[in-house]
Amino acid sequence: KQEVTQIPAALSVPEGENLVLNCSFTDSAIYNLQWFRQDPGKGLTSLLLIQSSQREQTSGRLNASLDKSSGRSTLYIAASQPGDSATYLCAVSINNQGGKLIFGQGTELSVKP
Amino acid sequence: KAGVTQTPRYLIKTRGQQVTLSCSPISGHRSVSWYQQTPGQGLQFLFEYFSETQRNKGNFPGRFSGRQFSNSRSEMNVSTLELGDSALYLCASSLATGQPQHFGDGTRLSIL
């Protein structure tokens with residue numbers, strides 16, 4: 001059974017700091033991995049999607065990496081800003097289960113001015 | 001381009017009642033998935049529909065059901081509501097398997 005874990009559960013950093021969020025999964029037979037952010041009372045915003053054949057994806061100040069063999073992904077945020085404060089979730093999809101996503105519990109990020 | 005639209009945003013029901021939630025996907029998206037989010041269990045997959053057919057189903061009791069219409073809009077129904085059904089219900093749409101899923105803002109369901 002696929003399980004997704006995110007560490008740490010919460011993180012507080014000063015503005016301008018570079019930071020890394022971690023995501024691990026137990027079964028390497030994934031189709032892709034997606035990173036989302038969720039603001040309080042809102043739905044999820046898709047940040048980056050990495051296909052199983054890829055090693056990393058970049059969008060602006062965000063960089064996500066994927067190491068399938070070790071069951072790990074990281075989300076790197078450069079030069080953090082207060083507007084980055086949110087809960088960050090990673091989710092994996094399984095090869096033979098279509099659009100079903102299995103989510104981690106999330107990392108709650110607070111960036112202090 | 002309009003995003004995923006979920007209605008209503010908030011609902012208050014009592015135990016034993018039933019409820020129907022609606023989701024309009026992004027134009028052109030044929031896959032619609034539903035998730036339940038609670039503080040204790042996090043985000044859990046309910047089911048996925050593609051071209052009006054249920055393609056996947058999560059581990060929820062039969063009280064939870066859904067359907068998809070020919071225009072890809074989807075509805076989710078929960079019958080005989082229980083206190084534990086209080087949650088944020090999120091709908092997501094995508095073009096196809098392997099493509100990014102885009103979420104609506106959810107329906108907040110409270111059971112009294």
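Below you will find a few notes about this structure.

Thresholds, definitions, all that
Residues numbered from 1 in each chain as written. Chains lettered and ligands numbered in written order. Predicted model: local features only at pLDDT ≥ 70, side-chain atom pairs only at ≥ 80, totals over all residues. Heavy atoms only, no water. Helix = DSSP H or I, 4+ residues; strand = E, 2+ residues; numbered from the N terminus. Rg over C-alpha atoms; globule rule 2.2 N^0.38 Å. Pairing = 2+ DSSP bridges. Axes fitted to C-alpha atoms, helices over the stretch in contact; angles between N-to-C directions. Phe/Tyr/Trp six-rings, centres within 6.5 Å; stacked < 30°, edge-to-face > 60°. Buried < 20%, exposed > 50% of the residue type's maximum accessible area, 1.4 Å probe, protein only. Lys NZ or Arg CZ within 6 Å of the ring centre and 35° of its normal.

Describing the overall build of chain A
Right, on to step 1. Secondary structure summary: chain A contains zero helices and 11 strands in total.
Right, on to step 2. Ordered by position from the N terminus, the helices and strands of chain A form the series β-β-β-β-β-β-β-β-β-β-β.
Right, on to step 3. Taking 113 residues into account, the globule formula puts the C-alpha radius of gyration at 13 Å, and chain A, at 14 Å, falls close to it.
Right, on to step 4. Summarising its shape, the C-alpha atoms of chain A cover approximately 45 × 30 × 20 Å along the three principal directions.

A few points about the sheet that holds strand 1 (residues 4-7) of chain A
Residue and element names in this part refer to chain A.
Right, on to step 1. Across the sheet, which stays open at both edges, the five strands sit in the order 1-3-8-7-6 with antiparallel pairing between neighbours. Each edge of the open sheet is held by one strand with a lone partner, namely strand 1 and strand 6 (56-59). Strand-to-strand twist across the sheet, computed as the mean angle between neighbouring axes with direction ignored, equals 15 degrees.

Regarding the packing of aromatic side chains
The geometry of two aromatic rings is summed up by the distance between their centres and the angle between their planes.
Right, on to step 1. Applying the stated rule across the entire model yields eight aromatic pairs over all chains.
Right, on to step 2. Arranged with centres 5.6 Å apart and planes meeting at 90 degrees, the rings of F103 of chain A and Y35 of chain B form a pair that is edge-to-face. Remark: Y35 of chain B occurs in strand 4 (residues 31-38) and F103 of chain A occurs in strand 10 (residues 101-103); the pair is interchain, linking two chains. Per residue, the accessibility class of F103 of chain A equals that of Y35 of chain B, and both read buried.
Right, on to step 3. Owing to a relative accessible area of 0%, Y35 of chain B belongs among the buried residues under this scheme.
Right, on to step 4. Among the aromatic side chains, those forming a connected cluster through ring pairs are F36 and F103 of chain A together with Y35, F45 and F103 of chain B.
Right, on to step 5. When the ring centre of F50 of chain B is taken as reference, the NZ or CZ atom of R55 of chain B above it lies at 4.6 Å.

Read these as spatial facts, not as claims about activity.
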